[in-house]
Amino acid sequence: MSTTFQIDTATSRATPTPQPMKRLTVPKLRARKKDGKTDEPIVMLTAYTARQAQLLDEHCDALLVGDSLGQVIYGLPSTIPVTLDMMANHAAAVVRGSYHSVVVVDMPFGSYEPSPEKAFESAAMLLKASNAAAVKLEGGEAMAETVEFLVHRGIPVMGHVGLTPQAVNVLGGYGARGRSDAEAEKIVADAKALERAGAFAIVVEGVVEPIAIQVTQAVDVPIIGIGASAQCDGQVLVVDDMLGMFERVPRFVKKYGDLASQITGHVEDYARDVRARTFPTEDQTYQPK
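The shown structure was predicted, so the numbers you read here are calculated from the model rather than taken from an experiment.

*Asks:* Looking at this structure, how should I read the packing of aromatic side chains?
*Replies:* Aromatic ring pairs are described here by two measures, namely the spacing of the ring centres and the angle between the planes. As enumerated under the stated definition, the model contains 1 aromatic pair in all. Consider the rings of Tyr-270 and Phe-279, whose centres lie 5.9 Å apart with planes at 65°: the pair is edge-to-face. On the basis of relative accessibility, which here comes to 36%, the residue Phe-279 falls in the partly exposed class. Stacked on the ring of Phe-149, the Lys or Arg Arg-153 has its end atom at 3.5 Å from the ring centre.

This is the structure in structure tokens:
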């Protein structure tokens, strides 16, 4: 049986442990959609660390090492400054911390746009450094040639249309897309172009719901929504958003927890104990034998 590196919660150290099941594959994920329908929606969340992946993996079909790490991990103002090395390092950690999910890694801004050859060089580096299963890149018809180039050379690609955060400077913000007829038509055309190019799945982000439904019905590959529609073939959210690590989140996020308040409360308790000299106690110190 193959092994993966899992964090031993008893020691906080990563140790090789047997994988309890085979990892899902890109073809199996693609096959979830049959005859235009997906009976079992795809569950995807972002993940950036080994421990995070370990906690999410059992419940997800795919883990996305998103370039959103620029904001949620590094405190950057956008995804634009994210580098290949950042993505490779975090993707490797997520792969080590998981055994079940398909791990997909975002290609950062500037790493794939110049040419298909440049995209292949960047994608190959990411997959070799991390052992992730696939890459994700933003853009529709403009990136179709690049997607086809990568797929024909053995690199699975997940597409991304609609609101594309790496193009925020061109789009002028993070508002919903598809409100005009022309924009709606382009989103559908972009998804179809990516499907023809060989993308195994497509993220549709921040589009008005009727267009998200139209895209889902128009292509045969799984459509994974974020700020789209429950009728998509799957859903993805930034894990820090849905767990309540931030006060302000996009409209399309449902907060399933309030982790920020819990963390603050526990740290407050710790600080109080330290200042009162009630920590550490005999239970947390070493005494002479």
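*Asks:* How should I be thinking about helix α5 (residues 116-130) in this particular structure?
*Replies:* Spacing of three or four residues puts side chains on the same side of an α-helix, whose turn is 3.6 residues. If you check α5, its first and last C-alpha atoms are 21 Å apart, about what 15 residues at 1.5 Å a residue would give, namely 21 Å. Those residues of α5 not exposed but buried are Pro-116, Ala-119, Ser-122, Ala-123, Ala-124, Leu-126, Leu-127 and Ser-130. Packing partners of the buried residues in α5 comprise α4 (84-96), β7 (102-106), β8 (134-136) and α6 (144-151). Asn-131 lies just past α5 and shows a positive phi near 70°.

*Asks:* What should I look at first to understand the sheet that holds strand β9 (residues 157-162) in this one?
*Replies:* Each strand in a sheet pairs with another by means of backbone hydrogen bonds, the pair being arranged parallel or else antiparallel. Taken in spatial order, the 8 strands line up as β5-β6-β7-β8-β9-β10-β11-β12 and close into a barrel, and their pairing is parallel. Sheet twist, expressed as the average angle between the axes of neighbouring strands with direction ignored, equals 25°. Of the strand pairs in this sheet, strand β11 (residues 223-226) and strand β12 (residues 234-237) are connected by 2 bridges, and their pairing is parallel. Considered in β12, the bridge of Ile-224 is made with Gly-234. Strands in contact with helix α8 (residues 181-197) are β9 and β10 (201-205); relative to β9, the strand with the most contacts, it is inclined by about 170°.

*Asks:* What's the story with α8 in this structure? I'm lost.
*Replies:* Look at α8: 24 Å from first C-alpha to last across 17 residues, which is about the 24 Å you get at 1.5 Å a residue. Every buried residue belonging to α8 is among Ala-184, Ile-187, Val-188, Asp-190, Ala-191, Ala-193, Leu-194 and Ala-197, and all of these are buried. Buried residues along α8 sit in contact with α6, β9, β10 and α9 (209-218). Note on α8: the residue one or two positions beyond its end, Gly-198, has a positive phi of about 110°.

*Asks:* Before we go on, may I ask you to explain a nonpolar patch on the surface in this structure?
*Replies:* Where nonpolar side chains cluster on the molecular surface, the patch consists of Met-245, Phe-246, Ile-263 and Val-267 and spans about 310 Å² of accessible area. Here Ile-263 shows up in helix α11 (residues 259-275).

*Asks:* Which parts of the structure should I look at to understand the pairing of β10?
*Replies:* The side chains of a regular strand alternate between both faces of the sheet. A large share of β10 lies buried, amounting to 5 of its 5 residues. The two faces of β10 match: Ala-201, Val-203 and Glu-205 on one face and Ile-202 and Val-204 on the other face are all buried. With respect to chirality, the unit in which β10 leads through α9 into the neighbouring parallel β11 is right-handed.

*Asks:* Please clarify how the layout of surface pockets should be interpreted in this entry.
*Replies:* Any empty space left between atoms is shown by rolling a water-sized probe over those atoms. Within this model, the largest pocket holds a volume of roughly 630 Å³. Listed by contribution, the elements that provide at least two residues to the lining of the largest pocket are α3 (69-72), β10 and β12. Residues of the lining of the largest pocket, tallied by class, amount to 15 nonpolar, 6 polar and 7 charged.

*Asks:* In this structure, what is going on with the side chain of Ser-122? I would like to understand it.
*Replies:* In this fold, Ser-122 is placed in helix α5. Exposure remark for Ser-122: the relative accessible area of 2% places this residue in the buried category. A polar side-chain atom of Ser-122 sits 2.5 Å from the main-chain carbonyl oxygen of Ser-111. Not counting residues within four places of it along the chain, the set of residues in contact with Ser-122 comprises Leu-84, Met-107 and Ser-111.

*Asks:* Is there a simple way to think about the pairing of β12 in this case?
*Replies:* Looking at chain direction, strand β5 (residues 42-46) and β12 are connected through 4 bridges and run parallel. Bridge pairing in β12 links Val-43 to Gln-235.

*Asks:* Can you help me understand the nonpolar core in this one?
*Replies:* A general tendency of soluble globular proteins is for nonpolar side chains to be buried together. Residues Val-105 and Ile-202 are the most contacted members of the largest nonpolar core, which totals 77 residues. Sort the elements by how many residues they give to this core and α8 lands first, with 7 residues. Those residues in contact with Ile-202, other than ones at most four positions away along the chain, are Met-158, Gly-159, His-160, Val-161, Ala-191, Leu-194, Glu-195, Val-221, Pro-222, Ile-223 and Ile-224.

*Asks:* Whenever I open this one, the side chain of Lys-33 confuses me. Can you help?
*Replies:* Tracing the backbone shows Lys-33 in strand β3 (residues 33-34). Looking at Lys-33, its side chain comes within polar contact range of the main-chain oxygen of Val-221, at 3.2 Å. Of the polar contacts made by the side chain of Lys-33, one reaches the side chain of Asp-233; its length is 2.9 Å. Dropping the residues within four chain positions of it, Lys-33 is found in contact with Thr-38, Thr-216, Val-219, Asp-220, Val-221, Pro-222, Ile-223 and Asp-233.

Conventions we followed
Note that residues are indexed from 1 along each chain, following the sequence as it is written. Local features are withheld for residues below a pLDDT of 70 in this predicted model, meaning they are given only at 70 or higher, and side-chain atom pairs are given and counted only at 80 or more; totals for whole chains, interfaces and linings count all residues. To get the side-chain values, take all heavy atoms of the structure and skip hydrogens and water. Within 6.5 Å between ring centres, the rings of Phe, Tyr and Trp (the latter by its six-membered ring) count as paired, and their orientation is classed by plane angle as stacked under 30 degrees, edge-to-face over 60, tilted in between. The classification of residues rests on relative accessible area computed with a 1.4 Å probe and restricted to protein chains. Under 20% of the type maximum is buried, over 50% is exposed, and intermediate values are partly exposed. Criterion for a charge above a ring: Arg CZ or Lys NZ at most 6 Å from the ring centre, at most 35 degrees from the ring normal. Helix and strand definitions here come from DSSP, where helices need a minimum of 4 consecutive H or I residues and strands a minimum of 2 consecutive E residues; each element is numbered from the N-terminal end. By this rule, a helix spans an expected 1.5 Å times one less than how many residues it contains. Working rule for contacts: check all heavy atoms of both residues, and any pair within 4.5 Å makes them a contact. Here, a strand pair is defined by DSSP locating no fewer than two bridges between the strands. Axis angles are defined between N-to-C directions and span 0 to 180 degrees, where every axis is a line fitted to C-alpha atoms and, for a helix, only to the segment in contact. Patch construction takes residues with relative accessible area above 30% that form no salt bridge. Like charges are linked within 9 Å, and nonpolar side chains (Val, Leu, Ile, Met, Phe, Trp, Tyr) are linked within 5 Å. Shrake-Rupley sampling with a 1.4 Å probe provides the accessible areas, and residues are treated as covered by the protein chains on show and by no other component. A pairing counts as a salt bridge when a side-chain nitrogen of Lys or Arg comes within 4 Å of a carboxyl oxygen of Asp or Glu. Seen with its strands pointing away from the viewer, a crossover is right-handed when the path leading from the first strand over the helix to the second is clockwise. Residues are said to line a cavity or pocket when one of their atoms sits within 4 Å of a point; the points come from a 1 Å grid over protein atoms alone, cavities being sets where a 1.4 Å probe fits but cannot get out and pockets being open sets with protein on both sides within 12 Å along at least five of seven lines. Grid points are joined across faces, edges and corners, and a volume is the space filled by probe spheres set on the points. Just so you know the grouping, Ala, Val, Leu, Ile, Met, Phe, Trp, Tyr, Cys and Pro go in nonpolar, Asp, Glu, Lys and Arg go in charged, and all remaining residues, Gly too, go in polar. Here a polar contact means two N or O atoms within 3.5 Å. Within protein one must be a hydrogen donor candidate and the other an acceptor candidate, and residues neighboring in sequence count only if both atoms are side-chain atoms. Only buried residues count toward a nonpolar core, which is a set of Ala, Val, Leu, Ile, Met, Phe, Trp, Tyr and Cys residues joined through side-chain atoms within 4.5 Å.

By themselves, these are just geometric observations and shouldn't be taken as functional.
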